[in-house]
Amino acid sequence: MDTDDLGLFGPGSVTWKVHEEPILIVAGLRSLYLQALHPRAMAGVAQNSNYRSDAWGRLVRTATYVGTTIYGTTAEAEAAGRRVRARHARMRATDPFTGEEFRVDEPELLRWVHVTEVESFVSTARRAGLALTDDEVDGYYTEQRRSAALVGLDPDDVPGTAAEVADYYRDVRPQLRMTREAAETALFLTAPPIPWKLNLPARVGLNLGPPRWAYLGIAATALGMLPPWALRLYGGLGLPTTALSADLSARALRLALAAVPRRYREGPLQQAAKERAARLAAA
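**Student:** Got a minute to help me understand the overall build of the chain in this structure?
**Tutor:** When helices and strands are tallied, the chain shows 15 helices and two strands. A total of 283 residues make up the chain; the buried ones form 46% of that total. For the chain, contacts bridging at least 24 residues in sequence account for 73% of all contacts bridging at least 6. In the structure as shown, the chain presents an accessible area of about 14,200 Å², 58% of it carried by carbon and sulfur atoms.

Take a look at the structure:
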């Protein structure tokens, strides 16, 4: 394996610029609130995972996967993608409305998860204060087509600009609705069981569980940053001040996180990637 391989992105990419931001903890939660509004996607998760009994374990696995695709070597990212594709290929679920059995790796469902995730990452970072031009936002979406390919999507079928993401959301919105599973998931995301301490794997670089009050603040910010149409599906939570309040909260949280020493904000995957980049630059 090439130990100095910079992976799918590398320094200078918009992806590294966006994922440098600790505020993406809010973005990850925002994406889950969005994903729950797709009945078929929600059924696939509910019928194939133990996310309620192992919420924090699932969080760690997801964070490790995303970190590997962003900061791992090309070989590491591709191996992570193969594992995800193999796991998804074995999973089936039943449509809650039609009773039809379906594969959870249907392109439509994979695309929904991908778009909600990357749109949440870049929009949250930008609204929290990260300076990104419109061209950089488009560049991020284009770069993230490489991540989409890892889970089995055809990159050409994945939105690659902000305009294409907006078009995609407009087209998919008629399929979205508040179901009982979506409501239960949203409630769980807002107030999950929080251990006093999370003994997370060292490779992730996290070891402290936030107190409940802090988590509730993060959840409220993530909810407030949802698109207005998503808030309406959640029962009209989008008061006129919600978006502004969420933006202000995200900016304050970003400033607070920026004060944390870098060695605590960056996990081993990110540190290793920067070390590889430094070795290449020196050579």
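**Student:** Quick question: what am I supposed to make of the nonpolar core here?
**Tutor:** Within soluble globular proteins, side chains that are nonpolar generally end up buried alongside one another. The biggest cluster of nonpolar side chains holds 74 residues, and the ones touching the most others in it are Val18, Leu29, Tyr33, Tyr140, Tyr169 and Leu226. Per-element accounting of this core gives the leading share, eight residues, to helix H6 (residues 107-127). Beyond its immediate stretch of four places on either side in the chain, Tyr33 contacts Ala186, Leu189, Thr190, Ala219, Ala222, Leu223, Leu226 and Tyr234.

**Student:** Explanation requested: a positive patch on the surface in the structure shown.
**Tutor:** A cluster of basic side chains, namely Arg58, Arg82, Arg83, Arg85, Arg87 and Arg90, defines a positive patch on the protein surface. Here the positive patch gets four residues from one element, more than from any other, and that element is helix H5 (residues 74-89). Mapped onto the elements of the fold, Arg90 is located in the loop between H5 and strand S1 (92-94).

**Student:** Explain the pattern of salt bridges here, please?
**Tutor:** One pass over the structure, following the stated rule, counts 17 salt bridges. Among the salt bridges present, the one from Asp105 reaches Arg103, with a minimum N-O distance of 2.8 Å. Residue Arg103 is classed as partly exposed on the basis of its relative accessible area, which comes to 36%. The closest approach of N and O atoms between Glu266 and Lys274, which form a salt bridge, is 2.6 Å. For Glu266, a relative accessible area of 8% corresponds to the buried category. Through salt bridges that share partners, Glu20, Arg262, Glu266 and Lys274 make up one connected network.

**Student:** Would you mind going over the environment of Leu32 with me for this structure?
**Tutor:** Mapped onto the elements, Leu32 comes out in helix H2 (residues 24-35). Judged by its relative accessible area of 39%, Leu32 is partly exposed.

**Student:** What's the story with helix H10 (residues 180-190) in this structure? I'm lost.
**Tutor:** Among the residues making up H10, those that are buried are Ala182, Thr185, Ala186, Phe188 and Leu189. Down the axis of H10, the smallest arc covering the buried residues is 160°, so these residues share one side. Exposed residues pointing more than 90 degrees away from the buried face of H10 are listed as Arg180 and Leu187.

Conventions we followed
- Residues numbered from 1 in each chain as written.
- Predicted model: local features only at pLDDT ≥ 70, side-chain atom pairs only at ≥ 80, totals over all residues.
- Heavy atoms only, no water.
- Helix = DSSP H or I, 4+ residues; strand = E, 2+ residues; numbered from the N terminus.
- Buried < 20%, exposed > 50% of the residue type's maximum accessible area, 1.4 Å probe, protein only.
- Contact = heavy atoms within 4.5 Å.
- Areas by Shrake-Rupley, 256 points an atom, 1.4 Å probe, with all protein chains shown as cover.
- Core = buried A, V, L, I, M, F, W, Y, C linked by side-chain atoms within 4.5 Å.
- Patch = residues over 30% accessible without salt bridge, like charges linked within 9 Å, V, L, I, M, F, W, Y side chains within 5 Å.
- Salt bridge = Lys/Arg side-chain N within 4 Å of Asp/Glu carboxyl O.
- Lys, Arg positive; Asp, Glu negative; His and termini not counted.
- Charge placed at Lys NZ, Arg CZ, Asp CG, Glu CD.
- Arc of directions from axis to C-beta.

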